[in-house]
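As a plain string of letters, each chain reads:
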Amino acid sequence: MSQDIESILNMDWDIEHKPYQAKAIKLANGKTMVIREAKKEEAPILLESIRPLQLYHKDYYDIVSSRMYAEILGWYVNRVRNEFVLIGVVDGELAGIVNNRLMNNKICMSFHTMALMRGIRAGAHLFAAKQENAIENYGVDEIYVTAESPIGFHRWMEEWALELRPEIQHELGGVTTWSLTKENYYKQKSKLVFGSRPVPQDLLESTYNLKPIVPQLLRQKSEDED
Amino acid sequence: MEKVAIVGQGMVKFGKHTEKSFVDLAAKASLRALENSRMSEKNIDALYLSSLFAGELNHQVGTASALVDTLGLLPCAANRIENGNAAGGRAIREAYMAIASGVHDIVMVTGCDKMRQVSNATVTDYVATMAHPEAEYVHGVTLPSLAGMLARLYMHKYGMERKHLSMVSVKNQKNGCKNPFAHVQQEITMEGICFEPESEINNPLVADPLRLYDCCPVSDGSASIILCNAERAKEFTDTPVFLSGIGQATDTLAVHERVDPTILNSVREASKQAFAMAKLTPKDISFAELHDAFSILEIVESEDAGFFEKGTGFKALEQGITQKDGAFPINPSGGLKARGHPVGVTGVAQACEITKQLQGEAGEMQIKNAQSAYCCNFGGFGNNVTALIMKRKN
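Remember, it's a predicted structure, so these values are computed and weren't measured experimentally.

Asker: Residue-level account of the overall build of chain B, with values.
Answerer: On a plain count of helices and strands, chain B comes out with 15 helices and 11 strands. Taken along its principal axes, the extent of the C-alpha atoms in chain B is 60 × 45 × 40 Å. Residues counted as buried form 64% of the 394 residues belonging to chain B. Sequence-distant contacts in chain B: of pairs separated by 6 or more residues, those separated by 24 or more amount to 78%. Per element, the accessible surface of chain B, about 13800 Å² overall, is 50% carbon and sulfur. Each charge sign in chain B was given a centre, from 38 positive and 44 negative side chains, and these centres are 4 Å apart.

Asker: I'd love a proper account of the sheet that holds strand β1 (residues 23-26) of chain A, names of residues and values included.
Answerer: All names here are of chain A. With mixed pairing, the 8 strands of this open sheet are ordered in space as β1-β2-β3-β4-β5-β6-β8-β7. Of all the strands in the sheet, just β1 and β7 (163-164) have a single pairing partner and so form its edges. Of the pairings in the sheet, the one linking β1 to strand β2 (residues 32-37) comprises 4 bridges and is antiparallel in character. Along β2, the bridge assignment pairs Lys-23 with Ile-35.

Asker: Please provide a residue-by-residue account of empty space enclosed by the protein, values included.
Answerer: All names here are of chain B. On inspection of all chains with the given rule, the structure shows 3 cavities of 30 Å³ or more. When its volume is computed, the largest cavity comes out at roughly 50 Å³. Every residue lining the largest cavity is listed: Gly-89, Ile-92, Ile-246, Gln-350, Cys-375, Cys-376, Asn-377, Thr-386, Ala-387 and Leu-388. Those elements giving two or more residues to the lining of the largest cavity turn out to be α4 (87-100), β10 (372-379) and β11 (384-391). The residue inventory of the lining of the largest cavity, partitioned by class, reads 6 nonpolar, 4 polar and no charged. Quantified by volume, the second largest cavity comes out at close to 40 Å³. Residue lining of the second largest cavity: Val-168, Glu-298, Ile-299, Ser-302, Gly-313, Leu-317, Thr-322 and Ile-330, and that is the complete set. Looking at the lining of the second largest cavity, the elements with two or more residues in it are α12 (295-304) and α13 (313-318). By residue number, the principal contributor to the lining of the second largest cavity is α12, which donates 3 residues. Here the lining of the second largest cavity is composed, by residue class, of 4 nonpolar, 3 polar and 1 charged.

Asker: For the interface of chain B and chain A, give the residues involved together with the corresponding values.
Answerer: Listed by partner, the interface residues are 26 residues for chain B and 24 residues for chain A. Residue Lys58(A) is joined to Glu19(B) by a salt bridge in which the shortest nitrogen-to-oxygen separation is 3.5 Å. At the boundary of chain B with chain A, the tally comes to 9 residue pairs in polar contact (both at pLDDT 80 or more). For the side of chain B that touches chain A, the secondary structure elements donating two or more residues are α1 (22-36), α8 (190-195) and α9 (199-202) of chain B. When residues in the side of chain B that touches chain A are grouped by element, the largest group, 3 residues, is from α9(B). Its residues placed into classes, the side of chain B that touches chain A shows 9 nonpolar, 7 polar and 10 charged.

Asker: Can you lay out the nonpolar core for me, pointing to particular residues and giving the numbers?
Answerer: Ranked by internal contacts, the top residues of the largest apolar core, which has 64 residues, are Phe294(B), Ile296(B), Phe307(B), Tyr374(B) and Phe381(B). At 7 residues, the largest contribution of residues to this core is made by helix α6 (residues 143-158) of chain B. Beyond its immediate stretch of four places on either side in the chain, Phe307(B) contacts Phe275(B), Pro282(B), Ile285(B), Ala288(B), Ser302(B), Phe328(B) and Tyr374(B). Within the second largest apolar cluster, 38 residues are counted, among which are Leu27(A), Val90(A), Ile143(A) and Leu180(A).

Cut-offs used in this document
- Residues numbered from 1 in each chain as written.
- Chains lettered and ligands numbered in written order.
- Predicted model: local features only at pLDDT ≥ 70, side-chain atom pairs only at ≥ 80, totals over all residues.
- Heavy atoms only, no water.
- Helix = DSSP H or I, 4+ residues; strand = E, 2+ residues; numbered from the N terminus.
- Buried < 20%, exposed > 50% of the residue type's maximum accessible area, 1.4 Å probe, protein only.
- Contact = heavy atoms within 4.5 Å.
- Areas by Shrake-Rupley, 256 points an atom, 1.4 Å probe, with all protein chains shown as cover.
- Lys, Arg positive; Asp, Glu negative; His and termini not counted.
- Charge placed at Lys NZ, Arg CZ, Asp CG, Glu CD.
- Pairing = 2+ DSSP bridges.
- 1 Å grid on protein atoms, 1.4 Å probe; cavity = no way out; pocket = protein on both sides within 12 Å on 5 of 7 lines; lining within 4 Å.
- Points joined across faces, edges and corners; volume = space filled by probe spheres on them.
- Nonpolar A, V, L, I, M, F, W, Y, C, P; charged D, E, K, R; others polar.
- Salt bridge = Lys/Arg side-chain N within 4 Å of Asp/Glu carboxyl O.
- Polar contact = N/O pair within 3.5 Å; in protein donor to acceptor, adjacent residues only side chain to side chain.
- Core = buried A, V, L, I, M, F, W, Y, C linked by side-chain atoms within 4.5 Å.

Structural data, given as structure tokens:
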């Protein structure tokens, strides 16, 4: 009986899942960040890394991390449909996480971007990667984007010159929606989407032994409070 | 024979200090300076507090009075000094004059600013009010935009390339990794911020041709030094550092009124005064701490202070001369680029860094056999500048 209920509640993919081809990004500090699709068995590590930020009540980290925690957990236990999660990995450490949800083959909901390593623009590269995955890999026509924080607003709405679409209801609380269209994506691509493929096998394999990290923001706080 | 010596210094790590009040932050560096000297608070005759934004960003005025009370320095004289970005340099100059004239024997100079209370946009706007109100500010001119125009004109005139700007940032952030008080302690590479395609995102445009890594961070911080009559210096430290030259000069408020904006006349004049007073030439100086709020400023200041011929500062940089282990190191502390730039503090922080170097106490930043040093505190966009020369031996 319980097995039957689980089959009703289980929400995984109802459209074809297309794997994201990993890419390598050269960062400001000279290190390489590999962006690849996260595996479900890595979800506990992702959750462990996000969890402490839920109590960081500045710059909207609490709400962004709480919502992302729920989204990743939902993905892990199959309670979200058509969600993909990409991660950035630097020297085997989790540098950041991004996730999106495909509504169907045409429309994508942009969920969240969380940079755990700061000051290396990991978030900017990861945001670009998830939109790249939605448009170039899945072939959607439009991505609905919103932001909880002013930092997010500057990064996404301004840098990507998104179109305001107030008539659209975003899944994240019905807040104001902006749109990244396929046309606009390709206009911005040359200056905002980077990375080299294929990732050398040894580099890619080095990302599979992920370790949870204390988000840099929390480490920085204790250092700066000299 | 020099009249004034530095006998104590103290700093707080620059960065974000949300939990401390303005006065608590200023007090922390001041207490460290006292501890660094063999001096009790009862010795201090006067305190000069340099700060640009205490009132505007921290909603507190009369801060010098609050600081002397907090530190237990009563009844010493207390003054806050505001002079744009050169507030710290000017406070040191005022302290010098007070001691040299015999009005005071011992003066504490503390710089403090808390700029992370508000958004970067708000800070940029406040800082931009240093520009000419009618000719510049009202048209949207900011300090980064003035620096961008200077860089573009300098590139056109002297053939410098954009990569040279990044070389300043890479050098100074590398140096900053050795500075325990630096806001930014992260190495960056030419590939990551200049040569690879990803640098477009890693190092986004701010004010053409300046990019993110060409600009110093917005910081909270405090720094403090104690100056005294040179004849009494040995009472308070075994390794006093002497102020042998100090200068201050101004230039037009509106940058477009300068005949050649690539020449920083105020840096030239302030430096000339300082070298004349010290009876030294640029060739006598072991290293310099320059005001690299923007990477272009380190290059142009290095020329106008007299260390390199006009139009050749970037060539010296490219040849490695200004590296920490080069023939003439510039910003071994990481400069404003890495240490950070709480604006009213910078001049005092530069004096702290030089004091440590000349005392041989700079740790991993130490320049071998450093005997004398120069620093430049650049106010406004070069409309009010102080220059300081310090020596190890009297």
